[in-house]
Amino acid sequence: MAHIIAVAGKGGVGKTVISALLLRFLIEDEDIRRDGVLVIDADPAVSLPFALGLEVKKTIGDIREEIAEPSGIIFDERMPIDMLLEYKIDEIMVKRPYFSLIAMGRPEGVGCYCLVNDMLRHFIGKLSSRFGTILIDCEAGLEHLSRRTTQDVDTMLVVSDFTKRGFKTAAAIKSLAESLHIEFKRIFLVLNKVPASANVHFDEIERLTGMPIAGVVPEDEIVSKFDYEGKPILLLPEDSKAVLAVRKIFERIFSV
Ligand SMILES: Nc1ncnc2c1ncn2[C@@H]1O[C@H](COP(=O)(O)OP(=O)(O)OP(=O)(O)O)[C@@H](O)[C@H]1O
Ligand SMILES: [Mg+2]
């Protein structure tokens, strides 16, 4: 079964940036790479592919439309739904030499998220046996968790900015996960966009959020510059502050 890593947190804290940089270290590791790495963009707005320099033509949301309104040649009433979904996974999966990616996207109709989330859960279950590691860039806010898409997560990373409000939201995400009985083997806090002048009181933040800190990622102007220019975050220079910090997080997660 795959080691599932979920990156969660409130909107705009840097989940996609952290996910893209984590992927970089996952695929740099020969053992992890050999067992297969799948990244899932679970944000309906689809943004991780850009951070990775990829284009996604089809999402789970699109498949949902096709299954709901079968008009394409692929649909066959005699084909069991399980087999049809299996076929569809491969159709939407973007395959690269070192990793594969699927994007959740959004259904066109109003309110069909539950079904798309159900499909995502189904896919994660199926793909767990095909990949050694599955990294999920979760949707902003808590809706995604409340629908239990990320249940049975091995490593949960809750990203927070360096504000009291951010710490409170991170703590709320953890409490919600617990109240929903979502199985997290381990949960860590990741502090992101931390100003260079900040004095990080580890003990106090860990007490406030109830999570051990996996790492502190500084505010890095190269990240903003890359995002502004539309360059893939995956290609940030090796010695940039954010890359060095995420390397430490990666080492921490995989040394335990
Ligand atoms: N360490 C960092 N230093 C500087 N800028 C950063 C850093 N991390 C993220 N950013 C910037 O913060 C913004 C939000 O980042 P990102 O898109 O990764 O957040 P997100 O949590 O995935 O957002 P959303 O909730 O919309 O999915 C981006 O403009 C990104 O360039
Ligand atoms: Mg994002």
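Computed from a predicted structure; not experimentally measured.

## Some remarks on the overall build of the chain
Part 1 of the reasoning: Helix and strand content of the chain: 11 helices and eight strands.
Part 2 of the reasoning: Across the chain, every contact between residues at least 6 apart in sequence was considered, and the portion connecting residues at least 24 apart equals 78%.

## Here's the deal with the site of ligand 1
Part 1 of the reasoning: In the vicinity of ligand 1 lie 18 residues, with Lys 15, Thr 16, Lys 193, Asp 220 and Asp 227 positioned nearest.
Part 2 of the reasoning: Within the contact set of ligand 1, an oxygen atom lies 2.8 Å away from a side-chain nitrogen or oxygen of Thr 16.
Part 3 of the reasoning: The contact in question runs from a nitrogen atom of ligand 1 to an N or O atom on the backbone of Pro 218, over 3.0 Å.
Part 4 of the reasoning: For ligand 1, whose accessible area on its own is 630 Å², the fraction buried by protein is 78%.
Part 5 of the reasoning: More than half of the atoms belonging to ligand 1 lie within 2 Å of the grid points that define the second largest pocket.
Part 6 of the reasoning: Of all the secondary structure elements, the ones that give two or more residues to the shell around ligand 1 are α1 (15–28), β7 (184–194), β8 (213–218) and α10 (221–229).
Part 7 of the reasoning: Across the shell around ligand 1, the residue classes break down as six nonpolar, six polar and six charged.

## With respect to the nonpolar core
The nonpolar side chains of soluble globular proteins are, as a tendency, buried together.
Part 1 of the reasoning: Judged by nonpolar contacts, the single largest core of 44 residues is most densely connected at Leu 23, Leu 52 and Ile 233.
Part 2 of the reasoning: For this core, the element with the highest residue contribution is α1, accounting for nine residues.
Part 3 of the reasoning: Ignoring any residue separated from it by four or fewer positions in sequence, one finds Leu 52 in contact with Ala 20, Leu 23, Val 39, Phe 99, Leu 101, Pro 232 and Leu 234.
Part 4 of the reasoning: Counting residues in each nonpolar core, the second largest holds 42 residues, with Ile 40, Met 93, Leu 189 and Ile 213 among its members.

## Notes on empty space enclosed by the protein
Part 1 of the reasoning: All told, the structure shown has one cavity of 30 Å³ or more when counted by the stated rule.
Part 2 of the reasoning: The computed volume of the largest cavity comes to approximately 30 Å³.
Part 3 of the reasoning: Of all elements in the fold, only β6 (153–160) and α8 (164–179) reach the threshold of two or more residues within the lining of the largest cavity.
Part 4 of the reasoning: Of all the elements, α8 adds the most residues to the lining of the largest cavity, at four residues.
Part 5 of the reasoning: For the lining of the largest cavity, the per-class residue count stands at four nonpolar, four polar and one charged.

## Some details on the side chain of Ser 128
Part 1 of the reasoning: Topologically, Ser 128 is positioned in the loop between α6 (113–127) and β5 (133–137).
Part 2 of the reasoning: Using a relative accessible area of 5% as the deciding quantity, one classes Ser 128 as buried.
Part 3 of the reasoning: Discounting residues that sit within four places of it in the chain, Ser 128 has contacts with Met 1, Ala 2, Ile 4 and Ile 134.

## Details of unusual backbone geometry
Part 1 of the reasoning: Although it is not a glycine, Val 46 sits at a positive phi angle of roughly 50 degrees.
Part 2 of the reasoning: Within the secondary structure layout, Val 46 lies in the loop between β2 (37–41) and α3 (48–51).
Part 3 of the reasoning: Residue Val 46 is classed as buried on the basis of its relative accessible area of 18%.
Part 4 of the reasoning: The phi angle at Lys 193 is positive, at roughly 55 degrees, despite the residue not being glycine.
Part 5 of the reasoning: For Lys 193, the location among the structural elements is in strand β7.

## Things to note about the layout of surface pockets
Picture a little ball the size of a water molecule; that probe, rolled over the atoms, points out where space is still empty.
Part 1 of the reasoning: One number sums up the size of the second largest pocket: a volume of about 170 Å³.
Part 2 of the reasoning: Along its surface, the second largest pocket is lined by 13 residues, and Val 17, Asn 192, Lys 193, Val 223 and Ser 224 are the ones closest to its centre.
Part 3 of the reasoning: Listing elements by their share of the lining of the second largest pocket, those giving two or more residues are β7, β8 and α10.
Part 4 of the reasoning: Looking at which element gives the most residues to the lining of the second largest pocket, the answer is α10, with three residues.

## Comments concerning helix α11 (residues 241–255)
Part 1 of the reasoning: Relative to the 21 Å expected for 15 residues at 1.5 Å per residue, α11 spans 21 Å between its end C-alpha atoms, a close match to the ideal helical length.
Part 2 of the reasoning: For α11, the complete set of buried residues consists of Ala 242, Val 243, Ala 245, Val 246, Ile 249, Phe 250 and Ile 253. Viewed end-on, α11 has its buried residues packed into an arc of 160 degrees, placing them on one side of the element. Away from the buried face of α11 by more than 90 degrees, exposed residues Lys 248 and Ser 255 are located.
Part 3 of the reasoning: Looking at the buried residues of α11, the elements they touch are α1, α2 (30–34), β6, β7, β8 and α10.

## Some details on the environment of Phe 99
Part 1 of the reasoning: Mapping Phe 99 onto the fold places it in the loop between β3 (94–95) and β4 (100–103).
Part 2 of the reasoning: When the C-alpha atoms of Phe 99 and Phe 131 are compared, they prove to be 9.5 Å apart, with 32 residues separating the residues in sequence.
Part 3 of the reasoning: Discounting residues that sit within four places of it in the chain, Phe 99 has contacts with Leu 23, Ile 27, Val 37, Val 39, Leu 52, Leu 54 and Val 94.

Basis of the calculations
- Residues numbered from 1 in each chain as written.
- Chains lettered and ligands numbered in written order.
- Predicted model: local features only at pLDDT ≥ 70, side-chain atom pairs only at ≥ 80, totals over all residues.
- Heavy atoms only, no water.
- Helix = DSSP H or I, 4+ residues; strand = E, 2+ residues; numbered from the N terminus.
- Contact = heavy atoms within 4.5 Å.
- Near = heavy atom within 4 Å.
- Polar contact = N/O pair within 3.5 Å; in protein donor to acceptor, adjacent residues only side chain to side chain.
- Areas by Shrake-Rupley, 256 points an atom, 1.4 Å probe, with all protein chains shown as cover.
- 1 Å grid on protein atoms, 1.4 Å probe; cavity = no way out; pocket = protein on both sides within 12 Å on 5 of 7 lines; lining within 4 Å.
- Sits in = over half its atoms within 2 Å of the grid points.
- Nonpolar A, V, L, I, M, F, W, Y, C, P; charged D, E, K, R; others polar.
- Core = buried A, V, L, I, M, F, W, Y, C linked by side-chain atoms within 4.5 Å.
- Buried < 20%, exposed > 50% of the residue type's maximum accessible area, 1.4 Å probe, protein only.
- Points joined across faces, edges and corners; volume = space filled by probe spheres on them.
- Expected span 1.5 Å × (residues − 1).
- Arc of directions from axis to C-beta.

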